[in-house]
4 protein chains.
Amino acid sequence: MLEELKKAVYEANMLLPKYGLVTFTWGNVSQIDRETGYFAIKPSGVDYDKLTPEDMVLMDLDGNKIEGKYNPSSDTPTHLELYKAFPNIGGIVHTHSPWATSWAQAGRGIPCYGTTHADYMYGEIPCVRCLTKEEIDGAYEKNTGLLIAEYFKENDYEAVPAVLCKNHGPFTWGRDGHEAVHNAVVLEEVAKMAARCETINPQVKPAPQELQDKHYYRKHGADAYYGQK
Amino acid sequence: MLEELKKAVYEANMLLPKYGLVTFTWGNVSQIDRETGYFAIKPSGVDYDKLTPEDMVLMDLDGNKIEGKYNPSSDTPTHLELYKAFPNIGGIVHTHSPWATSWAQAGRGIPCYGTTHADYMYGEIPCVRCLTKEEIDGAYEKNTGLLIAEYFKENDYEAVPAVLCKNHGPFTWGRDGHEAVHNAVVLEEVAKMAARCETINPQVKPAPQELQDKHYYRKHGADAYYGQK
Amino acid sequence: MLEELKKAVYEANMLLPKYGLVTFTWGNVSQIDRETGYFAIKPSGVDYDKLTPEDMVLMDLDGNKIEGKYNPSSDTPTHLELYKAFPNIGGIVHTHSPWATSWAQAGRGIPCYGTTHADYMYGEIPCVRCLTKEEIDGAYEKNTGLLIAEYFKENDYEAVPAVLCKNHGPFTWGRDGHEAVHNAVVLEEVAKMAARCETINPQVKPAPQELQDKHYYRKHGADAYYGQK
Amino acid sequence: MLEELKKAVYEANMLLPKYGLVTFTWGNVSQIDRETGYFAIKPSGVDYDKLTPEDMVLMDLDGNKIEGKYNPSSDTPTHLELYKAFPNIGGIVHTHSPWATSWAQAGRGIPCYGTTHADYMYGEIPCVRCLTKEEIDGAYEKNTGLLIAEYFKENDYEAVPAVLCKNHGPFTWGRDGHEAVHNAVVLEEVAKMAARCETINPQVKPAPQELQDKHYYRKHGADAYYGQK
């Protein structure tokens with residue numbers, strides 16, 4: 001059932017170790033089929049070098065397991081809330097990639113210091129607050145998703161396909177699992193360069209708005225002219 | 001004799017270069033068979049790419065060599081004291097992995113800044129003091145073990161399976177050699193992110209206690225729900 | 001047509017991932033044939049692992065596509081202006097290599113702190129200002145080239161074959177594409193060591209002029225004695 | 001002639017890229033045969049992946065080329081002076097390895113912050129001053145060697161087999177070329193950890209003298225007990 005979806009999710013998951021974004025099992029990718037409302041996600045705590053496409057777990061948006069011999073990732077309720085809140089996305093990634101996680105631990109959003117950032121993310125990549133004790137002791141992973149969704153009620157989740165969760169780590173998303181992984185790689189690279197850039201010049205300011213606009217719209221929207229489109 | 005044990009110790013040692021935790025021969029893994037009270041450990045100063053399972057040295061808890069053509073690691077007396085002090089562990093790792101060693105040289109414990117740390121280690125990873133001149137000039141390696149054991153008389157060695165020795169480097173442990181290596185990898189990753197995190201935000205504070213609790217108990221104890229258990 | 005040129009440009013482009021200078025498609029190399037005035041350049045947004053020599057796009061110095069099924073790199077107008085302004089160069093590279101880009105984002109030129117730098121680049125590697133809103137909203141990539149060219153009207157583009165564009169990233173050049181890549185590698189290495197050097201000693205000063213002279217002229221000009229020339 | 005020597009020097013040179021100590025041709029290893037007084041050294045500016053044992057250049061201690069089709073490394077006069085000043089060494093390495101070079105550019109010696117350093121180098125690794133204009137404009141490479149030799153007239157070159165040349169980079173030595181490379185790897189690792197350690201704790205002090213003594217003499221001298229000796 002939905003074999004294509006499980007294969008795509010498997011392949012997107014295998015990109016995480018390829019791009020150096022995960023240690024051990026510290027990451028997961030999911031992808032949704034909007035027609036059925038089912039999404040496939042990595043099983044919890046299974047090593048990447050033992051994964052197969054059949055190991056992917058199929059879930060519905062009420063949190064029921066539709067198919068799969070394993071438990072889904074413990075972060076599944078976060079993915080689920082994001083799929084409900086962001087109707088135009090098709091894939092989600094969570095990792096503990098070291099540079100992005102360092103910013104998340106530091107509790108700071110990543111300012112847009114240059115065109116590498118502006119090419120993919122429009123403005124600062126936000127760091128949402130830590131959950132309260134009540135939110136943590138309750139449905140922790142679900143509440144993580146609700147908190148992210150709340151932030152993006154007033155912000156454009158398509159223009160900034162990434163978020164840092166304070167004291168935790170990043171989530172990214174995209175049209176499918178593959179694009180979400182792509183954005184996770186961009187985030188890690190941008191996080192690294194922003195940290196180094198602040199060390200080189202502690203007074204550094206974000207890039208001028210007009211440059212951010214230029215690079216973002218060079219790749220996105222009706223007037224995009226990057227690539228072969 | 002105890003061929004399975006030597007093979008396991010050999011394989012755990014070979015993970016150290018695989019995970020980038022050692023340069024040259026700067027590390028060693030041991031594992032104990034609690035029934036016989038014998039433990040196997042890497043020989044001293046032998047290159048990883050020349051090691052074989054048969055090269056592992058078998059020791060008893062009085063420090064006698066039971067079997068092996070080589071001298072055991074010069075850190076053997078430290079391992080021995082830890083096996084005596086920590087009855088529930090089965091494996092020990094010592095390395096000079098660069099990030100953990102940088103913290104040890106700096107003489108600072110590693111605060112828990114996020115969930116990557118909290119998933120494995122409950123609270124700050126301690127840095128024990130440098131040995132005194134008397135302790136160094138005496139049975140140095142044994143005294144290193146006694147000092148670590150002393151610290152954990154009043155702390156939970158199972159909740160924090162790692163320690164930094166000031167001006168020296170880290171030791172980690174676990175149920176067996178493999179898990180001790182796993183914890184050494186976690187320690188190195190956590191040490192790296194904590195250092196970067198402090199550079200990104202010099203005023204950073206440890207993660208809230210309730211978040212540390214949540215992540216630690218998500219993976220440990222009766223209510224754990226991470227993975228396939 | 002100009003098959004040798006396209007092959008050389010293809011091979012120079014493939015060196016970018018080999019030397020770790022690019023993530024995804026964030027870089028491009030071109031090389032010019034001064035006789036015909038045509039230059040070959042990487043197509044826009046095509047993955048490195050799918051590139052072939054035939055994919056290279058052939059352009060003239062008026063910006064007309066002479067040959068090629070793909071759109072040329074979106075940075076083509078920058079390359080074009082540099083070929084017009086720098087008559088003695090044959091190749092150009094643009095990347096977002098992380099250390100050089102961190103300096104560019106920081107808005108600082110890279111001081112010459114040692115002989116590694118002095119062996120290849122004579123004096124500080126400049127960081128040119130951000131474009132104005134008018135320059136950005138107009139012919140952005142062409143204006144980038146014009147700004148670099150303007151800086152080098154009063155500076156020696158052969159003695160310093162590299163520039164940082166503020167909030168963006170580096171361009172390097174050389175006698176051909178291969179040498180331009182070589183200079184891009186040097187720039188990244190020099191940028192890394194300069195940043196670390198300032199952390200180790202925040203009061204560090206540039207290397208004495210006589211040392212800079214010695215190393216530069218050991219490799220360049222009539223009295224060079226490095227290598228097998 | 002001296003084929004064994006040339007083979008050993010070739011193999012030691014090939015370790016430099018293996019251990020990540022060189023970019024392009026930025027390094028060289030030599031080894032001396034004390035009986036004949038001839039030493040073999042890498043040719044100048046020849047790529048590592050094209051080197052063969054036959055390419056090694058044979059020199060005598062008066063600076064005459066005894067054998068070889070290539071020019072010797074431009075650093076040959078430095079090697080020569082060190083062989084004359086340090087009678088107990090058999091091999092020398094020069095690199096621009098990034099962490100050691102960052103300290104050299106910063107103009108600081110590397111304090112002994114821990115046992116990784118103390119195991120190989122007894123006390124601070126010195127940074128010798130920049131040459132004067134007269135020394136640079138004269139026999140530059142020879143004067144580099146003389147300056148290092150001058151420093152070690154009052155210091156023990158066997159206890160500290162490494163030096164940093166201000167604004168330039170490191171030299172290391174040992175009983176043969178292989179051991180000199182080993183020390184170059186140690187130096188790079190120690191330089192990296194010392195820099196990070198100062199960032200983690202800006203008030204850090206060198207390791208206590210008794211610990212430095214313990215670790216150095218655990219590996220060196222009559223009472224050494226590390227390894228299989």
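If you're wondering where the values come from, they're calculated on a predicted model, not measured in any experiment.

Asks: How would you explain the sheet that holds strand β7 (residues 162-165) of chain C if you had to name every residue and give the values?
Replies: Residues and elements named next belong to chain C. Taken together, eight strands build an open sheet; the order of strands is β4-β3-β2-β1-β5-β8-β7-β6 and the sheet is mixed. Edge positions in the sheet fall to β4 (65-67) and β6 (127-128), since each has one partner strand and no second. Inspection of the sheet shows strand β1 (residues 27-33) paired to strand β5 (residues 91-95) by five bridges, in the antiparallel sense. Across the sheet, residue Asn 28 finds its bridge partner in β5, namely His 94.

Asks: So what about the interface of chain C and chain A? Which residues, and what values?
Replies: Taken together, the contact between chain C and chain A spans 33 residues of the former and 33 residues of the latter. Both sides together, the interface formed by chain C and chain A hides about 2800 Å², and carbon and sulfur atoms give 56% of it. By the criterion of area lost to chain A, the three top residues of chain C are Phe 24, Trp 26 and Gln 105 of chain C, representing 23% of everything that side buries. For the pair chain C and chain A, the number of links is two salt bridges. Arg 218 of chain A serves as the salt-bridge partner of Asp 75 of chain C, at 3.8 Å between the closest nitrogen and oxygen. At the boundary of chain C and chain A, one finds 15 residue pairs in polar contact (both at pLDDT 80 or more). Of all the elements in the fold, those that place two or more residues in the side of chain C that touches chain A are α3 (98-106), α5 (133-137), α6 (140-153) and α7 (177-200) of chain C. Residue contributions to the side of chain C that touches chain A peak at seven residues, all from α3 of chain C. Grouping the constituent residues of the side of chain C that touches chain A by class yields 13 nonpolar, 14 polar and six charged.

Asks: Describe in detail the environment of Tyr 83 of chain B, supporting the description with residues and values.
Replies: Residues and elements named next belong to chain B. Residue placement: Tyr 83 occurs in helix α2 (residues 76-85). Spatially, the C-alpha atoms of Tyr 83 and Gly 27 are 18 Å apart, while their sequence positions differ by 56 residues. Other than its neighbours up to four places away in sequence, Tyr 83 contacts Ser 30, Gln 31, Ile 32, Arg 34, Phe 39, Leu 61, Ile 89, Gly 90, Gly 91 and Ile 92. Separated by 2.7 Å, the side chains of Tyr 83 and Ser 30 make a polar contact.

Asks: Describe the sheet that holds strand β7 (residues 162-165) of chain A, listing the residues and the values that go with them.
Replies: Residue and element names in this part refer to chain A. Spatially, β4-β3-β2-β1-β5-β8-β7-β6 is the arrangement adopted by the eight strands of the open sheet, whose pairing is mixed. What marks the edges here is a single partner per strand, and that holds for β4 (65-67) and β6 (127-128). Across four bridges, the pairing between strand β1 (residues 27-33) and strand β2 (residues 38-41) is antiparallel. Bridge pairing in β2 links Ser 30 to Ile 41. Those strands touched by helix α6 (residues 140-153) are β6, β7 and β8 (169-174), and its axis lies near 130° from that of β7.

Asks: Before we move on, could you go through the relation of the copies chain B and chain A and cite the residues and values that matter?
Replies: Comparison of the two chain copies shows a relationship of rotation about an axis with a shift along it. Superposing chain B onto chain A requires a rotation of 90° together with a translation of 0.0 Å along the rotation axis, leaving an RMSD of 0.0 Å. Expressed as a symmetry operation, the mapping of one chain copy onto the other fits a four-fold axis. The C-alpha atom lying nearest the rotation axis in chain B is that of Thr 199 of chain B; the distance is 5.7 Å. Taken as a fraction of all interface residues of chain B, those also at the interface in chain A reach only 3%, which identifies the copy contact as different-surface.

Asks: Lay out the UniProt feature "domain: Class II aldolase/adducin N-terminal" (unreviewed entry) in chain A with the relevant residues and their values.
Replies: UniProt marks residues 7-195 of chain A with the feature "domain: Class II aldolase/adducin N-terminal" (unreviewed entry), using the numbering shown here. Helix makes up 39% of residues 7-195 of chain A and strand 19%, with an end-to-end C-alpha separation of 36 Å.

About the thresholds
Each chain carries its own residue numbering, running from 1 in the written order of its sequence. Chain labels run from A onward and ligand labels from 1 onward, assigned in the order the entries are written. Confidence filtering applies because this is a predicted model: local features only for residues at pLDDT of at least 70, side-chain atom pairs given and counted only at 80 or more, and all residues used for totals across whole chains, interfaces and linings. Heavy atoms throughout the structure, all of them, feed into the side-chain values; hydrogens and water do not. Paired strands, in this sense, are two strands between which DSSP finds at least two bridges. Put simply, DSSP marks the helices as runs of H or I at least four residues long and the strands as runs of E at least two long, and each gets a number from the N terminus on. What makes two residues a contact is simply this: any of their non-hydrogen atoms within 4.5 Å. Two parts placed together each lose some accessible area under a 1.4 Å probe, and adding up what both lose gives the buried area. Think of a salt bridge as a Lys or Arg side-chain nitrogen and an Asp or Glu carboxyl oxygen that are within 4 Å of each other. Counted as a polar contact is a pair of N or O atoms within 3.5 Å, where, for protein atoms, one must be capable of donating a hydrogen and the other of accepting one, and residues adjacent in sequence contribute only when both atoms are in side chains. The residue classification treats Ala, Val, Leu, Ile, Met, Phe, Trp, Tyr, Cys and Pro as nonpolar and Asp, Glu, Lys and Arg as charged. All others, Gly included, are polar. Where helices are involved, their axes are fitted lines through C-alpha atoms of the stretch in contact, as for all axes, and angles between N-to-C directions lie from 0 to 180°. Copies overlap after least-squares fitting; the atoms used are the C-alpha atoms of residues with pLDDT of at least 70 in both. UniProt positions are given in the numbering used here, feature names are shortened, and annotations may be inferred rather than shown by experiment.

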